[in-house]
Amino acid sequence: MAGGSEMTGFLKTVLYTIKNAVGSRDTFLIFAIASLFYLVFYALPYENQIIVRIPTAVVDMDQTQRSRDFVNKILSAQTVDARLITPDYQEAKDLFARNEVDAIVVIGEEFSRDLERGEPVAVQVFSNGALPVKGRAVSSSLLTIVAEENTVEVVSRLVHKGLNPTVAKSMSQAAPTMVSQDLFNNVGGYGYYTVPLVAVVIVQAVMFFGIGIALGQWLDSKEKPAFITEAFKSKGGLLAVFTGFTLIAFFWGLFLETLGLTLLGMPTFMDASATVAALFAFALSVSSLAMLLTLLVGTYRYAPALVLASAPSVFLCGLVFPMENFAAWVIPFAWMIPTTPACQALVFASQEGASLSQIAHLVGASLLQFAVYGSLMLFVFSKRYQKQTSA
């Protein structure tokens, strides 16, 4: 009977934690709405997926019919929004300096001459190093146009020298030697990649902030909620509170990975078992770290500072920038953050369809974080509890 009573008390504490965290006017917006709001808000800019219409200045220093024809081909590219066409490079550079264009395409003075001689044609693209995605998009379009221009010129010269036009045409239509195709992001869209990644970071930010506010207020209050007073009499009670917060984190992670990303048209839940396992391990690690930090400070006043971890988490997860290129001292710090293994595991499993065995090391990393942070949480709680009882 005692065991059944303890289990009933444990479950009641779990339910009271969820009820008081979600139902409180101070944390309702955080736990009940914030995750969905931020996911939708963040996904809106990526609705078109592909980068198009980049403000561009085109400098035609050749000023020949061929260079003008080439400019017209540039203007037909979806990625280019020509704000200026000029023979003066300095004029384009001034526009670039005023941030009115993000890229400059320069057609050199020898453009037509190089084509007529059968020499490779080079076209320069200058872009803002702080916005490399835009520069790469324009460069990619220009590579295709320049390659086509060179091919047409070579074929024309060969026909002029007596090559059968049919053979020449087949040469110009030969299949490329390399084909690049994303395995899960078949449209090459930025939304398909970044939104699922940031969804994990959103859950972490919500849990850090929400637990910091809710638990911090309960600890800081002179008149603590009755269920907290009762729960904090034992480690079992603390674990019940922890379980309540973990279930909230797991619910929102599961909700965003299923209904949230589905409504946004994102690929998700490609491997259900692996995704659920990664989500649960993440919920354990993020909740234990959030509770540990809150128990350490013992108040809600520092909770907003925990949100500051969100931005670094995006870049330290190893998906925005390859972890292999991190400074050596950064890597251990990155693996201390719950989103590092979780983002990788969930993108691989939910978006790319990796199996549980393929992400086992990442799920294991999340569980190791939980073991460390959970042990420290119990240690800090034990010291706090012993101090209170001795007083």
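Everything below is about the structure shown above.
Quick notes on the rules
- Residues numbered from 1 in each chain as written.
- Predicted model: local features only at pLDDT ≥ 70, side-chain atom pairs only at ≥ 80, totals over all residues.
- Heavy atoms only, no water.
- Helix = DSSP H or I, 4+ residues; strand = E, 2+ residues; numbered from the N terminus.
- Buried < 20%, exposed > 50% of the residue type's maximum accessible area, 1.4 Å probe, protein only.
- Contact = heavy atoms within 4.5 Å.
- Areas by Shrake-Rupley, 256 points an atom, 1.4 Å probe, with all protein chains shown as cover.
- Pairing = 2+ DSSP bridges.
- Axes fitted to C-alpha atoms, helices over the stretch in contact; angles between N-to-C directions.
- Left-handed = near helix turned anticlockwise from the far one by under 90°.
- Nonpolar A, V, L, I, M, F, W, Y, C, P; charged D, E, K, R; others polar.
- Phe/Tyr/Trp six-rings, centres within 6.5 Å; stacked < 30°, edge-to-face > 60°.
- Core = buried A, V, L, I, M, F, W, Y, C linked by side-chain atoms within 4.5 Å.
- 1 Å grid on protein atoms, 1.4 Å probe; cavity = no way out; pocket = protein on both sides within 12 Å on 5 of 7 lines; lining within 4 Å.
- Points joined across faces, edges and corners; volume = space filled by probe spheres on them.
- Patch = residues over 30% accessible without salt bridge, like charges linked within 9 Å, V, L, I, M, F, W, Y side chains within 5 Å.
- Salt bridge = Lys/Arg side-chain N within 4 Å of Asp/Glu carboxyl O.

Engineer: It is not clear to me how the overall build of the chain should be interpreted in this structure. Could you clarify?
Structural biologist: The helix and strand inventory of the chain stands at 16 helices and four strands. A burial count over the chain gives 43% of its 391 residues as buried. Considering only residue pairs separated by 6 or more positions, the chain has 77% of its internal contacts joining residues 24 or more positions apart. Carbon and sulfur atoms provide 62% of the accessible area of the chain, an area that totals close to 20,600 Å².

Engineer: Please clarify how the pairing of strand S1 (residues 54-60) should be interpreted in this entry.
Structural biologist: Within a regular beta strand, the side chains point alternately toward one face of the sheet and then the other, so they alternate between its two faces. Across the seven residues that make up S1, a large majority, seven, are buried. Pairing of S1 with strand S3 (residues 103-107) involves five bridges; the strand directions are parallel. Counted as the bridge partner of Asp60 is Ile107 from S3.

Engineer: Would you take a moment to explain the packing of helix H2 (residues 28-43) against helix H10 (residues 235-263) for this structure?
Structural biologist: The axes of two packed helices give the description: the angle between them and the distance between them. Across the interface, H2 lies against H10 with an axial gap of 11 Å and an inter-helix angle of 30 degrees. The element H2 and its partner H10 pack so that their crossing is right-handed. Facing Phe31, Ala32, Ile33, Ser35, Leu36 and Leu39 of H2, the residues of H10 in contact are Phe245, Ile248, Trp252, Phe255, Leu256, Gly260 and Leu261. Class assignment of the residues belonging to the contact of H2 with H10 gives a composition of 11 nonpolar, two polar and no charged.

Engineer: Honestly, the pairing of S3 in this entry has me stumped. Any pointers?
Structural biologist: Counting buried residues in S3 gives five out of five residues, a clear majority hidden from the surface. Side chains of S3 alternate between two faces, with Ala103, Val105 and Ile107 and Ile104 and Val106 buried alike.

Engineer: Explain the sheet that holds strand S4 (residues 123-127) to me, please; I cannot follow it from the model alone.
Structural biologist: By definition, the strands of a sheet pair up through backbone hydrogen bonds, in either a parallel or an antiparallel sense. Spatially, S2-S1-S3-S4 is the arrangement adopted by the four strands of the open sheet, whose pairing is mixed. With one partner strand each, in any of the chains shown, strand S2 (80-86) and S4 form the two edges of the open sheet. Strand after strand, the sheet turns through a mean of 25 degrees between neighbouring axes, direction not considered. Summarising the sheet, S1 and S2 pair through six bridges and their orientation is parallel. Across the sheet, Val58 pairs through a bridge with Ile85, a residue of S2. This element, helix H4 (residues 89-97), spans S1, S2, S3 and S4 of the sheet and lies at about 170 degrees to S3.

Engineer: Help me understand the environment of Ser127, please; the structure alone is not making it clear to me.
Structural biologist: Looking at the secondary structure, you find Ser127 in strand S4. When its relative accessible area of 32% is taken as the criterion, Ser127 is described as partly exposed. Residues Ser127 and Ser139, spaced 12 residues apart in sequence, show a C-alpha to C-alpha distance of 9.3 Å. Once residues lying within four places of it in the same chain are set aside, the contact partners of Ser127 are Phe96, Asp102, Ala103 and Gly135.

Engineer: What exactly am I supposed to notice about the packing of aromatic side chains here?
Structural biologist: The geometry of two aromatic rings is summed up by the distance between their centres and the angle between their planes. Counted by the stated rule, this structure contains 14 aromatic pairs. Note on Trp218 and Phe227: the rings are 5.2 Å apart at their centroids and 80 degrees apart in plane angle, and the pair reads as edge-to-face. Grouping residues by exposure puts Trp218 and Phe227 together as buried. Site record: aromatic cluster; members linked through ring pairs are Tyr16, Phe31, Trp218, Phe227 and Phe245.

Engineer: Can you walk me through the nonpolar core in this structure?
Structural biologist: Nonpolar side chains in soluble globular proteins tend to end up buried together. Within the largest apolar cluster, 71 residues are counted, with the highest numbers of intra-cluster contacts made by Met207, Phe232, Phe245, Met291 and Ile359. Sorting the residues of this core by element identifies H2, helix H8 (190-220), helix H9 (226-231), H10, helix H11 (272-297), helix H12 (303-306), helix H15 (339-351) and helix H16 (360-390) as the ones contributing at least two each.

Engineer: When you look at empty space enclosed by the protein in this model, what are you seeing that I'm missing?
Structural biologist: One way to see where empty space is left: roll a probe the size of a water molecule over the atoms. Here the structure, examined in full by the defined rule, presents one cavity of 30 Å³ or more. Considered as a void within the structure, the largest cavity measures approximately 50 Å³ in volume. Forming the walls of the largest cavity are Ala199, Val200, Val203, Gly253, Leu256, Glu257, Leu279, Phe282 and Leu346. Secondary-structure elements contributing two or more residues to the lining of the largest cavity are H8, H10 and H11. A class-by-class count of the residues in the lining of the largest cavity yields seven nonpolar, one polar and one charged.

Engineer: Looking at this structure, how should I read a nonpolar patch on the surface?
Structural biologist: Judged by side-chain polarity, Phe28, Leu29, Ile33, Phe37, Tyr38 and Phe41 come together as a nonpolar surface patch covering roughly 640 Å² of accessible area. Looking at where Ile33 falls in the secondary structure, it is placed in helix H2.

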